[in-house]
Amino acid sequence: MILAAARMSLSNLFAPETRSVFWKVIGLTLVCLVAVWFALRGLFYAYVLPWIASVWPAAGAEWAGWVTFFVGILASIGLALGLALLLAPINALIAGLFLDDVADVIEKRDYPALPPGRPMPIGAAIVEGAKFLGVVIAGNIIALFLLLVPGVNLIAFFVVNGYLLGREFFEFAAMRHLSPDAARELRARHAGRVTLAGFLIAGFLAIPVVNLLTPLFAAGLMVHLYKAIAANAPATLRPAA
């Protein structure tokens, strides 16, 4: 069930119906990163370099020039590393605005006989995107600390991210059809399957560059998994016809 859902989600990433979403997410992510880079660079030259010049006023113009040069190099490296760390969170926040578009395409194309889901209002979509952003940041901070514990570093990454990402994306797919309480109950009943699917998402997240597509892959995976689980769920946890 999980592997079949993953296969269908992968094929959906580059399907003509979702190609526009793909380019929107990638394009907006790059625009945001460029904007952040120029903002941080402007702050550095406006406040940090003048402060450095004021710290060594008597060092001489030549010495101050060399200090400024090396600090500029270090700042450029720091900005590059900072943008690399911000890449996944910014991408997650932007992609969160388009998850319903992906789910709509999948449901209409692959499940035309079933009732369509209810897209989230824009305000709720922003909240869910911010929530996913928080989950990604919190999960990776926890995993980063666990990296210091011998023997559990790589396992920690998959366990933490697998559980958190699996939970969030399954509930996203389920809440298109169920109340939040019913979606959480359905997820709890199938926690093992949902977490295993989350491990696949964590593996996707671990691949550089490809991980830009993690939210879209995860949304498709969990829509398919939800459909398979809901077909055999108790009547109280099935969407109304």
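The structure this text deals with has already been given above.
Residues numbered from 1 in each chain as written. Predicted model: local features only at pLDDT ≥ 70, side-chain atom pairs only at ≥ 80, totals over all residues. Heavy atoms only, no water.

Visitor: Is there a simple way to think about the nonpolar core in this case?
Guide: One broad trend across soluble globular proteins is that nonpolar side chains are buried collectively. Residues F169, F170, I201, L216, M222 and Y226 are the most contacted members of the largest nonpolar core, which totals 49 residues. Residue assignment for this core shows that the elements contributing at least two residues are helix 1 (2-13), helix 2 (16-55), helix 3 (61-95), helix 4 (99-110), helix 6 (153-174), helix 7 (180-189), helix 8 (191-205) and helix 9 (214-230). With 11 residues, helix 9 is the largest single contributor of residues to this core. (Core = buried A, V, L, I, M, F, W, Y, C linked by side-chain atoms within 4.5 Å. Buried < 20%, exposed > 50% of the residue type's maximum accessible area, 1.4 Å probe, protein only. Helix = DSSP H or I, 4+ residues; strand = E, 2+ residues; numbered from the N terminus.)

Visitor: For this particular structure, what's the right way to read the pattern of salt bridges?
Guide: Pairs can form between side chains of opposite charge whenever their charged atoms are close. In total, this model carries 9 salt bridges according to the counting rule given. Between D100 and R176 there is a salt bridge whose closest N-O contact spans 2.4 Å. Of the two residues, D100 sits in helix 4 while R176 sits in the loop between helix 6 and helix 7, which places them 76 residues apart along the sequence. With respect to burial, D100 and R176 carry one shared label: buried. Across the salt bridge formed by R176 and E107, the nearest N and O atoms sit 2.9 Å from each other. Placement of R176 in the loop between helix 6 and helix 7 and of E107 in helix 4 is noted, with a sequence separation of 69 residues between them. Like E107, R176 is buried. By sharing partners, the salt bridges in this structure join D100, D104, E107, R176 and K227 into a single network. (Salt bridge = Lys/Arg side-chain N within 4 Å of Asp/Glu carboxyl O.)

Visitor: Got a minute to help me understand the packing of aromatic side chains in this structure?
Guide: For any pair of aromatic rings, the description consists of the separation of the ring centres together with the inter-plane angle of the planes. Evaluation of the coordinates by the stated rule reveals 2 aromatic pairs. Ring geometry for F170 versus Y226: centroids 6.2 Å apart, planes at 65°, classification edge-to-face. Within this pair, whereas F170 is found in helix 6, its partner Y226 is found in helix 9, the two being separated by 56 residues in sequence. Each member of the pair, F170 together with Y226, is buried. When the ring of F204 is compared with that of F217, the centres are 4.4 Å apart and the planes differ by 10°; the resulting orientation is stacked. One end of the pair, F204, is in helix 8; the other, F217, is in helix 9, and 13 residues separate them in sequence. F217 gets classed as buried once you look at its relative accessible area, which sits at 3%. A cation over a ring is seen here: K227 above Y111, with NZ or CZ 5.5 Å from the ring centre. (Phe/Tyr/Trp six-rings, centres within 6.5 Å; stacked < 30°, edge-to-face > 60°. Lys NZ or Arg CZ within 6 Å of the ring centre and 35° of its normal.)

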